[in-house]
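Notes for the structure review
What follows is each chain in one-letter form.
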Amino acid sequence: MKCRKCREKAIIYMPEHRLALCAACYSPWFLDYTERTIRKFRMFSRTDRILVAVSGGKDSLSLWHALNALGYEADGFYIDLGIVGRDGYSEQSKRRCQELAERIGRRLHIVRVAEQVGAPIPDITDLTARQACSACGLIKRYLMNRYAWEADYDVIATGHNLDDEVAVLFSNVLNWNRGYLARQYPVLDEREGLKKKVKPLVYATEKQTTVYALVNRIAYIRDECPYAVGATTLSYKAILAQLEHQAPGTKRRFLDGFYQIRALFAEPEAPELIPCVRCGQPTTTEVCAYCRLIEHVQRRRGLLSLPAREIETLEGSESAADSAHAGISS
Ligand code: Q46
Ligand code: ZN
């Protein structure tokens, strides 16, 4: 197959665009495609300071590289989750982020969950009986927002791609999750202590971000987070890939169609956000979910150092307090 622009040998064919491109023509196309998404949703301008949440994977590192190549002021933000996994997952992913930071000459901020919360993600899961991804998601959202305020960034950018967004949409529609549907959009404007959040790769497929990383020799971590294995979204992705294969462009049409009717799911009144009495970050309750999580981890740590008999007595009163907090989120 030949490149549509220069007739050289193509390295990628994108059936949804009926477009084949060679290695030299691919990056300019990807950059232009990303720039058009940024403009379409009015995500940010060249005077804004952007904080890119990087995980060491192909999507977030491709995004950081692309924003830099497009001339945006984009620094990286890496959250060290303290996940060891098979080959030291967190260490490896951090290294990939540091390598790219050095290469593009941009700042990489690193924050460690173990220092912030008092324990790394695997221990938090053990100590709180909370699902790893639920605790991890809460912590990441909180730290990103707080850091963006403290370091005076205008907007937080994440590397979610088309396949991610469509899988989440599919799940939200299957479960008629109105609250999540109301908030599923590539731009969430700043409000009451929450920084603006954007997803500039929302129209780029996983294949496109992978090829961008390969063409630009971006070293990224190939292993999935050990907790991602078996996640429901993976099975949704497989179903959607089949539909896309039969009718290229299905994913993009599904997503764009939803964006057009999204207003139907808007909540009449978004819950009011107030500053957490402990940390000052926005929340709907007196003490935010993040501060409650820290308290829980510390309490469990303290409990574990007590003799077994005392734990039994104290644990009864703890579960009563926990259920009172159930269902409350920041
Ligand atoms: S990093 Fe964290 Fe993901 Fe790993 S623990 Fe789950 S949420 S799967 S994006
Ligand atoms: Zn708080």
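The model shown is predicted, which means the values in this text are computed figures rather than measured ones.

The next point concerns the overall build of the protein chain. Looking only at helices and strands, the protein chain has 13 helices and 10 strands in total. On C-alpha atoms alone, the protein chain measures out to a radius of gyration of 21 Å, which is about the 20 Å that the 2.2 N^0.38 rule sets for 330 residues. Taking the principal axes of its C-alpha atoms as reference, the protein chain extends roughly 75 × 45 × 40 Å. Across the 330 residues of the protein chain, 48% fall into the buried class. Here the analysis covers contacts within the protein chain between residues at least 6 apart in sequence; of these, 68% occur between residues at least 24 apart. When the accessible surface of the protein chain is split by element, carbon and sulfur atoms take 51% of a total near 17100 Å². When the 46 basic and 40 acidic side-chain charges of the protein chain are each reduced to a single mean position, those positions are 7 Å apart.

What follows is about the coordination of the zinc ion (ligand 2). Surrounding the zinc ion (ligand 2) are the protein donor atoms Cys276 (SG), Cys279 (SG), Cys288 (SG) and Cys291 (SG), at 2.2 to 2.4 Å. Geometry at the zinc ion (ligand 2) is tetrahedral, judged from its four donor atoms and the angles of 105 to 114 degrees they form at the metal. Between consecutive donor residues of the zinc ion (ligand 2), the sequence gaps follow C-x2-C-x8-C-x2-C. With a relative accessible area of 4%, cysteine 276 lands in the buried category.

For the rest of this paragraph, the subject is the sheet that holds strand 4 (residues 73–80). Strand order in the open sheet formed by six strands is 5-4-3-6-8-7, and the pairing between neighbours is mixed. The open sheet has two free edges, formed respectively by strand 5 (108–112) and strand 7 (187–188), since each of these has just one partner strand. The pairing of strand 7 with strand 8 (residues 196–198) spans two bridges and is antiparallel. The residue bridging valine 187 from the neighbouring strand is valine 198, located in strand 8. Strands in contact with helix 2 (residues 58–69) are strand 3 (49–54), strand 4, strand 5 and strand 6 (155–157); relative to strand 3, the strand with the most contacts, it is inclined by about 155 degrees. Its contacts with the sheet place helix 3 (residues 89–104) against strand 3, strand 4 and strand 5, and it is angled at close to 165 degrees to strand 4.

Taken as a whole and judged by the stated rule, the model has 15 aromatic pairs. Ring geometry for phenylalanine 44 versus tyrosine 72: centroids 5.0 Å apart, planes at 80 degrees, classification edge-to-face. With phenylalanine 44 in the loop between helix 1 (23–40) and strand 3 and tyrosine 72 in the loop between helix 2 and strand 4, this residue pair connects regions lying 28 residues apart in the sequence. Ring pairs connect the aromatic residues Phe41, Trp176, Tyr185, Tyr203, Phe258, Tyr259 and Phe265, which therefore count as one cluster. Across from the ring centre of tyrosine 72, 4.2 Å away, lies the NZ or CZ of arginine 46, which sits over that ring.

By the definition in use, this model includes 18 salt bridges. Of the charged contacts in the structure, one is a salt bridge between lysine 237 and aspartate 164, with a shortest N-O distance of 2.7 Å. Here lysine 237, found in helix 10 (residues 232–246), pairs with aspartate 164, found in helix 7 (residues 162–174); they are 73 residues apart in sequence, far enough to count as distant. Take lysine 237: its relative accessible area is 22%, and that puts it in the partly exposed class. Taking the relative accessible area as the measure of exposure, aspartate 164 reaches 18% and is therefore buried. Residue glutamate 192 pairs with arginine 191 through a salt bridge whose shortest N-O separation is 2.9 Å. Judged by relative accessible area, which is 42%, glutamate 192 ranks as partly exposed.

It is worth spelling out the domain arrangement of the protein chain at this point. Entries for the protein chain in the domain assignment read domain 1 (27–270) and domain 2 (282–320). The C-alpha centroid of domain 2 is placed 31 Å from the C-alpha centroid of domain 1. Across the domain 1 to domain 2 interface the summed buried area is about 1200 Å²; carbon plus sulfur atoms make up 71%. Considering only the surface of domain 1 that becomes buried against domain 2, Val117, Leu127 and Tyr142 emerge as the three largest contributors, covering 45% of it. Across the contact surface, domain 1 and domain 2 share zero salt bridges. Along the contact surface separating domain 1 from domain 2 lie one residue pair in polar contact (both at pLDDT 80 or more). Contributions of two or more residues to the side of domain 1 that touches domain 2 are made by helix 4 (113–117), helix 5 (121–128) and helix 6 (132–150).

Rules of the game
Residues numbered from 1 in each chain as written. Chains lettered and ligands numbered in written order. Predicted model: local features only at pLDDT ≥ 70, side-chain atom pairs only at ≥ 80, totals over all residues. Heavy atoms only, no water. Helix = DSSP H or I, 4+ residues; strand = E, 2+ residues; numbered from the N terminus. Rg over C-alpha atoms; globule rule 2.2 N^0.38 Å. Buried < 20%, exposed > 50% of the residue type's maximum accessible area, 1.4 Å probe, protein only. Contact = heavy atoms within 4.5 Å. Areas by Shrake-Rupley, 256 points an atom, 1.4 Å probe, with all protein chains shown as cover. Lys, Arg positive; Asp, Glu negative; His and termini not counted. Charge placed at Lys NZ, Arg CZ, Asp CG, Glu CD. Donors = N, O, S within 2.8 Å, 3.2 Å for Na, K, Ca; no water. Tetrahedral: all angles 85-135°; square planar, octahedral: opposite > 155°, others 65-115°. Pairing = 2+ DSSP bridges. Axes fitted to C-alpha atoms, helices over the stretch in contact; angles between N-to-C directions. Phe/Tyr/Trp six-rings, centres within 6.5 Å; stacked < 30°, edge-to-face > 60°. Lys NZ or Arg CZ within 6 Å of the ring centre and 35° of its normal. Salt bridge = Lys/Arg side-chain N within 4 Å of Asp/Glu carboxyl O. Domains from an automatic or database assignment. Buried area = accessible area lost by both parts, 1.4 Å probe. Polar contact = N/O pair within 3.5 Å; in protein donor to acceptor, adjacent residues only side chain to side chain.

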